[in-house]
Each structure stands twice: as structure tokens, then as C-alpha cells.
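Descriptive analysis of the structure
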Amino acid sequence: MIDTTILAHDIVIVGAGLAGLRAAIAAKENGIQDVAVVSKVHPLRSHSGAAQGGIAAALGNTVPDKENNPVASQDGGQDSIDLHFADTVKGSDWLGDQDAIEVLVSEAPSILYEYEHWGCVFSRLDDGRIAQRWFGGHSQPRACYAADWTGHVLLQTLYQQAERHGVKFYPECEVTSLVVRDRVCRGVIAWELATGRLIALRARAVMFGTGGYGRAFRITSNATANTGDGLALAYRAGVPLEDMEFVQFHPTGLYPSGILMSEAARGEGGYLINDAGERFMSKYAPSKMELGPRDLVSRSIQQEINEGRGIGGGEYVHLDLRHLGAAKIKERLPQVRQLGIDFVGVDCIEAPIPIQPTAHYSMGGIPTDLDGQVILDADKTPLVGFFAAGECACVSVHGANRLGTNSLLEATLFGRRAGRAMAAFVQTASLPGWPADALSEARAEIEALLARQRGERSLDIANTLRAEMTKNVGLFREKAGLEAALKVIAECRERFARVSLDDKHPVFNTDLMAAIELGHILEFAELVTVGALARQESRGSHFRTDFPKRDDANWLKHTLVYRTDRGPELRFKPVVITKSPPQERKY
Ligand SMILES: Cc1cc2nc3c(=O)[nH]c(=O)nc-3n(C[C@H](O)[C@H](O)[C@H](O)COP(=O)(O)OP(=O)(O)OC[C@H]3O[C@@H](n4cnc5c(N)ncnc54)[C@H](O)[C@@H]3O)c2cc1C
């Protein structure tokens with residue numbers, strides 16, 4: 001029998017990445033004493049810490065010189081909030097909500113200076129200002145960075161501040177349900193790995209900052225913890241999910257694992273080369289070359305591979321950094337170099353790195369308003385007491401395609417806004433009632449899993465599912481492939497109903513953890529596929545070979561997928577367009 005306990009806090013935040021931590025700090029700054037953060041990994045192992053390349057803000061600290069290298073600006077630079085806005089809208093293929101993008105770009109500088117005042121160790125110009133470099137799809141050198149350890153230093157900075165404020169942490173506790181009754185959020189249930197007990201965490205306000213879901217794919221840059229739990233739990237609790245068909249594939253994953261080789265490598269001047277030794281991006285994005293937006297560069301690489309111009313006719317092309325020289329590589333890209341040495345035995349100072357596109361980022365997610373309040377429809381009906389921010393949320397600043405460096409920014413900035421909104425909300429909200437059956441149901445589910453003697457192994461199901469997602473719901477999609485994927489997902493779900501574990505003990509049971517997470521992936525993989533099948537156009541990261549053009553007349557709208565007894569049901573929501581009407585997207 002699994003032990004259970006019931007605890008309560010004013011605010012419970014699930015996720016200790018940049019979104020969760022910044023929200024917790026904001027709630028504390030705004031006078032809320034009792035703030036708890038739950039994380040299934042130690043906070044400092046959240047995927048935010050793996051981010052390499054940079055965080056965007058139009059500071060204008062650098063300008064391009066004649067060779068397009070960023071150098072210190074003398075007079076405030078050429079960058080502006082308006083340019084950051086225009087780049088982000090264009091990057092989103094006009095599917096991003098422009099009111100949200102306005103907030104993102106105008107509050108960005110304040111986020112950077114806040115990090116700086118908290119002692120974050122950015123790379124600097126000689127005069128002491130924060131250095132900025134190029135990144136894909138940005139028209140100015142705008143990425144603030146700390147070598148290629150940017151996420152690591154940001155996460156350390158926020159964790160220190162959260163500790164300073166006395167935030168209560170529940171590390172290595174996996175949330176297994178979001179408890180909602182009568183459209184009011186009541187709290188969550190978490191499984192504590194070290195003791196095996198289930199903890200009900202009641203709260204006046206709950207926030208999800210649970211991150212992305214790259215682990216639904218065979219080839220991914222994402223940490224093993226990125227299994228999209230928050231999305232599945234919210235969906236099961238009656239929240240629709242927005243724009244799930246938009247999955248970003250990063251151009252440069254290490255071959256064959258998919259581990260990220262940061263876009264900073266191309267930002268610093270790296271080339272992409274095919275088997276014939278050509279810089280093939282000249283065919284696809286002549287003005288931006290390797291620094292086109294990610295959707296375009298990824299498809300170009302895959303097309304080279306598909307048409308037999310991968311290296312030696314194989315499944316990868318080369319990322320060539322040799323011309324940058326040892327000194328620059330060691331100063332600006334130490335992690336990229338080390339990952340190449342450790343994982344494929346290639347030192348990029350001496351040889352090109354084998355790369356392929358890799359599943360990287362989820363543009364879609366839990367729909368929210370500009371303050372992180374979760375909303376249930378186009379009329380912005382709130383789910384009372386439930387907030388979301390960061391990669392699991394969809395306030396829709398990225399639309400159909402995210403620009404690199406806008407995500408660390410989004411997670412911090414909308415985390416801060418959600419934290420403030422929750423602080424205001426709990427000033428007046430009382431602790432909602434707790435349903436008597438919630439904890440016993442959660443316990444019964446886990447006990448049933450542990451008790452099943454024979455059945456399917458979750459890893460086998462996961463491997464089948466991930467291979468199918470990469471094959472048919474990846475970079476290039478078409479009707480027959482998507483229908484085949486839906487069939488495979490349904491079969492996997494059937495098999496999952498018979499899943500049994502090798503380890504039957506509730507304490508530190510990683511087998512159990514993997515099975516719970518696979519259940520989540522199976523839930524939303526279907527939604528990604530349903531959205532991709534419905535959207536009969538190509539926009540941003542979503543490319544249909546049978547509908548290769550963008551279709552604004554029919555598809556300039558967000559999808560919302562709802563859980564019903566008949567299965568997932570799609571509805572739609574208009575895109576917010578304020579000052580940039582849709583145009584053709586050319587680079
Ligand atoms: C390799 C890599 C490099 C990247 N580089 C950049 C970059 O240079 N610039 C940029 O802007 N973006 C980058 N990104 C994207 C960016 O890092 C993420 O989108 C962002 O950090 C997400 O932050 P988050 O706070 O939303 O979630 P995360 O940092 O992913 O944190 C999620 C948190 O949720 C917790 N959690 C999840 N499920 C549960 C559960 N069931 N129970 C309890 N806790 C749970 C986890 O423990 C974790 O603490 C990169 C991404 C990757 C994978």
C-alpha cells in the first residue's frame with residue numbers, strides 16, 4: 001500500500017526551469033509567503049540549464065561590421081524593439097499573437113538587466129556591456145550569451161534568488177495529476193521518488209512551467225525529462241491544447257543522437273556543407289544563408305539528405321567551424337566543441353561535425369492570456385486558479401516557428417508575469433475544497449501498475465512510438481503518413497493498457513516513472529498528429545508535402561484541441577494581428 005499525505009500552500013508551481021523559478025520569485029516579491037516549487041528532477045537539472053546559444057533583447061550593444069561580425073556599438077546601436085517585433089512576427093509565419101509579441105519584445109531589456117543585477121555572468125564587450133551575437137532569423141546581433149552555457153548561468157542565477165527568497169522546494173517529486181473540479185483548480189498530486197509516497201498539494205493557485213516534449217521523437221535535443229507531462233495532465237483535466245501541430249526541428253543535432261550543436265555555431269560564422277562540398281544554403285536562403293530561420297534551414301538539410309547529397313550519401317551533412325580558428329571556438333563555443341569530442345570523437349577545430357535535424361521545441365501548448373492565466377476558449381474563459389508559462393504554455397509569441405533565443409526570454413518574462421498575476425489572485429482567493437476521491441484514485445492507478453504481473457514493456461512501446469513520430473510527424477508530413485501515425489499511436493495505446501513493470505517497488509522506481517511519462521506522451525502525440533492532419537497548408541515548422549503553400553484564407557487561425565468522449569475535437573481561435581498584416585515570408 002502506498003502512503004499518502006495532504007499538504008497545502010498558497011501557490012504551487014510545477015517546474016523549476018526559468019519559467020517556474022521566475023514565477024516563484026515574482027510571487028515572493030509581491031508579498032506571498034507560502035510559495036512551493038515541485039520538480040521531478042533537481043531544479044538545476046531542468047532543461048533550461050542545457051540551453052546554449054543565448055537570450056534575446058534589443059539592447060543594441062553591438063552592430064555588424066563590414067564582414068557582418070558583431071562589434072561594439074558607439075551610439076546606441078541599430079537595434080530596436082520594433083525590429084525585434086518585426087523579426088519575431090515574420091519568424092512566426094504570422095501565426096504569433098502580436099499583442100503577446102509586443103509584450104515579449106518591449107519587456108525583454110528589463111529581463112536582461114534584472115539578470116545582470118542579480119550577478120549573472122554574461123560574456124562582455126571590452127567596455128563592460130553585455131556582448132550580443134547573431135542568431136537565425138534575427139536582423140540584428142541580438143543574442144546575449146555566456147559563451148555557449150547561457151541557460152546554465154541563467155538557471156543558476158534564478159535558483160540562487162529563489163533560495164534567497166525562501167521558496168519551498170519539492171525536488172524529485174513527479175506530479176501525476178492536476179486536480180480540477182467545477183472549473184476551479186484545487187491542486188496537484190505528486191509522487192515523491194525518495195519515499196514512494198503520494199503527496200496531495202492543495203493550493204489557491206497552481207502554475208505549470210513543465211517544459212517541452214522533444215522526447216516524443218526518436219531524434220531529439222531534449223533531456224530525458226522532457227516528456228510533456230504538463231500538457232497531458234492539463235488536457236486530462238479539461239484544458240484544450242493550442243497549436244499542437246507546430247513542433248520545431250533544430251537544424252543541427254549531432255548525428256546520430258540528436259544532441260544539440262547550438263545555433264551559436266552558425267551565429268559565430270559556421271558553414272553547412274553537403275557531400276559535394278557546397279554551402280548549400282545559398283540555394284534556399286540566399287540572403288540569410290546558414291542564419292535563415294530554423295524551419296527553413298532544417299528542411300533544406302533534410303532535402304539535401306533525401307536527394308542523396310548527405311555526406312557519403314548518408315543521413316547527415318557537415319557543420320564546418322574550422323575557419324573560425326581555435327581561439328574563437330575555445331572562447332565562444334567550448335561546449336559545442338566538447339560535445340563533439342565526447343559523443344562522436346570529432347574536434348571541430350580540426351574536422352567538420354556530422355549533423356542532422358533534431359526535434360527541439362514545442363510552439364504549442366496550454367493556452368494562456370498575457371498574464372499566464374490559463375484560458376479555455378476564444379472568449380478567454382479562465383480556468384480559475386490555474387496558470388502556465390514557459391515552453392509548456394502557448395501565449396503564442398512563437399506562432400508557427402520560434403526564433404532561437406526567444407524562448408529563454410519567453411520563459412523568464414511570462415514566468416514573471418504569471419508570478420505577479422498569481423500573487424494578485426491569491427490575495428483574495430481562498431483555498432478551494434479538496435475532492436475526497438482524488439488521492440485514492442491516483443493511488444489506485446499506481447498500485448494497479450505495480451501489481452500487474454505480466455504484460456508489455458514500456459520501453460518497447462516508447463521506441464515504436466518515437467520512431468513513428470520522427471518518420472511520419474516530423475519535418476515533412478503528408479496525409480497518408482499522418483493517418484498511418486494515428487494508427488500506430490492507437491496500437492501503442494492499446495499495448496500501453498497492458499504495460500507491466502520489472503521493478504515493483506514504489507521507491508525510486510525509474511521503470512514506473514518511464515511508464516507514467518509514456519502515458520503522457522501517448523496522450524499528446526495523438527493531438528500533434530490530429531492537428532497536423534487537419535491543417536491543410538504549410539506554415540512555419542508545419543510542412544505538408546501535399547499542401548506546400550501557406551493558406552491565409554483558410555488557415556490563419558490557431559487550433560484548439562479538446563478532450564471529448566468521442567476523442568479529440570478541434571476548434572479554432574483567431575490570430576491577434578495588431579500592426580503587421582500577413583506578408584510573404586522570404587529570407
Ligand atoms: C539543448 C537545448 C538548447 C536550447 N538553447 C536555447 C537557447 O540558446 N536559447 C533559447 O531561447 N532557448 C533555447 N532552448 C529552449 C529553452 O531552453 C526552453 O524552451 C526553456 O528553457 C524552457 O523553460 P521552462 O522553464 O519552460 O521549462 P524547463 O526548463 O524545461 O523546465 C521544466 C521543469 O518542469 C519540471 N517538470 C516537468 N514535468 C514534471 C512533472 N510531471 N512533475 C514535476 N515536475 C515536472 C521539470 O523537472 C523541470 O524543472 C534550448 C532547448 C534545448 C533542449
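Everything discussed here concerns the structure shown above.
Analysis parameters
Residues numbered from 1 in each chain as written. Predicted model: local features only at pLDDT ≥ 70, side-chain atom pairs only at ≥ 80, totals over all residues. Heavy atoms only, no water. Helix = DSSP H or I, 4+ residues; strand = E, 2+ residues; numbered from the N terminus. Rg over C-alpha atoms; globule rule 2.2 N^0.38 Å. Contact = heavy atoms within 4.5 Å. Areas by Shrake-Rupley, 256 points an atom, 1.4 Å probe, with all protein chains shown as cover. Lys, Arg positive; Asp, Glu negative; His and termini not counted. Charge placed at Lys NZ, Arg CZ, Asp CG, Glu CD. Expected span 1.5 Å × (residues − 1). Buried < 20%, exposed > 50% of the residue type's maximum accessible area, 1.4 Å probe, protein only. Arc of directions from axis to C-beta. Axes fitted to C-alpha atoms, helices over the stretch in contact; angles between N-to-C directions. Parallel < 35°, antiparallel > 145°, perpendicular 65-115°, else oblique. Left-handed = near helix turned anticlockwise from the far one by under 90°. Nonpolar A, V, L, I, M, F, W, Y, C, P; charged D, E, K, R; others polar. Core = buried A, V, L, I, M, F, W, Y, C linked by side-chain atoms within 4.5 Å. Near = heavy atom within 4 Å. Polar contact = N/O pair within 3.5 Å; in protein donor to acceptor, adjacent residues only side chain to side chain. Pairing = 2+ DSSP bridges. Salt bridge = Lys/Arg side-chain N within 4 Å of Asp/Glu carboxyl O. Phe/Tyr/Trp six-rings, centres within 6.5 Å; stacked < 30°, edge-to-face > 60°. Lys NZ or Arg CZ within 6 Å of the ring centre and 35° of its normal.

**A short note on the overall build of the protein chain**
When helices and strands are tallied, the protein chain shows 16 helices and 22 strands. Radius of gyration (C-alpha) of the protein chain: 23 Å, near the 25 Å computed for a compact globule of 587 residues. Expressed as lengths along the three principal axes of its C-alpha atoms, the size of the protein chain is roughly 70 × 50 × 50 Å. Across the protein chain, contacts joining residues at least 24 apart in sequence account for 74% of those joining residues at least 6 apart. Summing over all exposed atoms, the protein chain offers an accessible surface of approximately 21,100 Å²; the carbon and sulfur share of this is 49%. Side-chain charges of the protein chain comprise 64 positive and 73 negative groups, with the mean position of each set lying 1 Å from the other.

**As for helix α12 (residues 438-451)**
In an α-helix, one turn spans 3.6 residues, which is why side chains three or four residues apart end up on the same side. With 14 residues, α12 extends 20 Å from end C-alpha to end C-alpha; this agrees with the ideal 20 Å at 1.5 Å per step. For α12, the set of buried residues is Ala438, Leu439, Ala442, Arg443, Ile446, Leu449 and Leu450. Each buried residue of α12 lies within a common arc of 125° when the element is viewed along its axis, so the set occupies one face. Contacts made by the buried residues of α12 are with β1 (4-14), β9 (173-181), β10 (184-192), β11 (198-208) and α15 (510-534).

**Some words on the packing of helix α1 (residues 18-29) against helix α4 (residues 150-164)**
Where α1 meets α4, the closest approach of the two axes is 9 Å, and the angle between their N-to-C directions is 30°. Accordingly, the angle class assigned to the pair α1 and α4 is roughly parallel. At the point where α1 passes α4, the crossing takes the left-handed sense. Contact residues: Leu18, Leu21, Arg22 and Ile25 in α1; Leu154, Leu155, Leu158, Tyr159, Gln161 and Ala162 in α4.

**Some thoughts on the packing of helix α5 (residues 229-236) against α15**
As a packed pair, α5 and α15 sit with axes 8 Å apart at the nearest point and diverge in direction by 70°. With respect to α15, the element α5 is oriented roughly perpendicular. Two secondary-structure elements touch here, α5 through Asp229, Ala232, Leu233, Tyr235 and Arg236 and α15 through Glu517, Gly519, His520, Glu523 and Leu527. Along the lines of polarity and charge, the residues of the contact of α5 with α15 split into 4 nonpolar, 2 polar and 4 charged.

**As for the nonpolar core**
By size, the foremost hydrophobic cluster in this structure holds 78 residues, and its most contacted members are Leu178, Val188, Phe208, Tyr213, Ile366, Phe386 and Leu465. In terms of residues, this core owes the most to one element, α15, which gives 12 residues. If we skip the residues at most four places from it in the chain, isoleucine 366 touches Phe208, Gly230, Leu231, Ala234, Val239, Leu241, Val374, Phe386, Ala388, Cys392, Ala393 and Cys394. In this structure, Phe85, Ile101, Ala389 and Leu409 belong to the second largest nonpolar core, which totals 58 residues.

**Structural notes on the site of the ligand**
The local shell around the ligand holds 38 residues, among which Ser46, His47, Ser48, Glu391 and Ser407 are the closest. The contact in question runs from an oxygen atom of the ligand to an N or O atom on the backbone of alanine 19, over 3.0 Å. Backbone polar atom of glycine 54 to a nitrogen atom of the ligand: 2.9 Å apart, as the coordinates give it. Contact with the protein chains hides 98% of the accessible area of the ligand, taken as 1,000 Å² for the molecule alone.

**Some details on the environment of glycine 308**
Looking at where glycine 308 falls in the secondary structure, it is placed in the loop between α8 (294-306) and β15 (317-320). Classification of glycine 308 by relative accessible area gives partly exposed; the value is 41%. The spatial distance from the C-alpha of glycine 308 to the C-alpha of asparagine 274 is 9.5 Å, given a sequence separation of 34 residues.

**Quick notes on the sheet that holds strand β21 (residues 557-564)**
Working definition: the strands of a sheet are paired by backbone hydrogen bonds and lie parallel or antiparallel to each other. Taken together, 3 strands build an open sheet; the order of strands is β12-β21-β22 and the sheet is antiparallel. In this open sheet, the two edge strands, each paired with only one partner strand, are β12 (241-242) and β22 (567-574). Contacting β12, β21 and β22, α5 crosses the sheet at an angle of about 65° to β21. Strand contacts of α15: β12, β21 and β22, with the helix running at about 55° to β22, the strand carrying the most contacts.

**A look at the pattern of salt bridges**
Where charged atoms from two side chains of opposite charge come close, those side chains can pair. Under the defined criterion, the tally for this structure stands at 52 salt bridges. For the salt bridge of arginine 22 with glutamate 114, the shortest nitrogen-to-oxygen distance reads 2.8 Å. On the criterion of sequence distance, the pair formed by arginine 22 in helix α1 and glutamate 114 in helix α3 (residues 98-117) is long-range, its members being 92 residues apart. Residue classification places arginine 22 among the buried residues on the basis of a relative accessible area of 0%.

**Some thoughts on the pairing of β22**
Both β21 and β22 contribute to a ladder of 8 bridges, which runs antiparallel. Bridge assignment links tyrosine 562 to a residue of β22, and that residue is glutamate 569. A loop of 2 residues connects β21 with β22, the two strands running antiparallel in sequence.

**As for the packing of aromatic side chains**
Tallying each qualifying case throughout the model produces 9 aromatic pairs. Taking the centre distance of 5.5 Å and the plane angle of 90° together, the rings of phenylalanine 217 and phenylalanine 249 count as edge-to-face. With phenylalanine 217 in the loop between β11 and α5 and phenylalanine 249 in strand β13 (residues 247-254), this pair connects stretches of sequence that are 32 residues apart. A single burial state applies to phenylalanine 217 and to phenylalanine 249, both of which are buried. Residues phenylalanine 387 and phenylalanine 425 carry aromatic rings whose centres are separated by 6.0 Å and whose planes lie at 65° to one another, so their mutual orientation is edge-to-face. Of this pair, phenylalanine 387 sits in strand β19 (residues 382-388) while phenylalanine 425 sits in helix α11 (residues 406-428), and the two are 38 residues apart along the sequence. Classification of phenylalanine 425 by relative accessible area gives partly exposed; the value is 23%. Just above the ring of tyrosine 587 sits the side chain of lysine 90; from NZ or CZ to the centre is 4.2 Å. Between the NZ or CZ atom of lysine 168 and the centre of the ring of tyrosine 170, over which it lies, the distance is 4.8 Å.

**Examining unusual backbone geometry**
For the bond from tyrosine 255 to proline 256, the omega torsion is 5°, close enough to zero to count as cis. Here proline 256 is to be found in the loop between β13 and α6 (264-267). Non-glycine residue threonine 405 carries a positive phi angle of around 80°. Relative to the helices and strands, threonine 405 resides in the loop between β20 (393-394) and α11.

**What to know about the sheet that holds β15**
Taken together, 4 strands build an open sheet; the order of strands is β13-β16-β15-β14 and the sheet is antiparallel. Looking at strand neighbours, the two that pair on one side only are β13 and β14 (271-273), the edges of this open sheet. Averaged over all pairs of adjacent strands, the angle between their axes in this sheet comes to 45°, without regard to strand direction. Alignment of β15 against strand β16 (residues 353-362), held across 3 bridges, turns out to be antiparallel. Bridged to leucine 319 within β16 is isoleucine 353.

Limitation: the analysis is restricted to geometry and does not speak to function.
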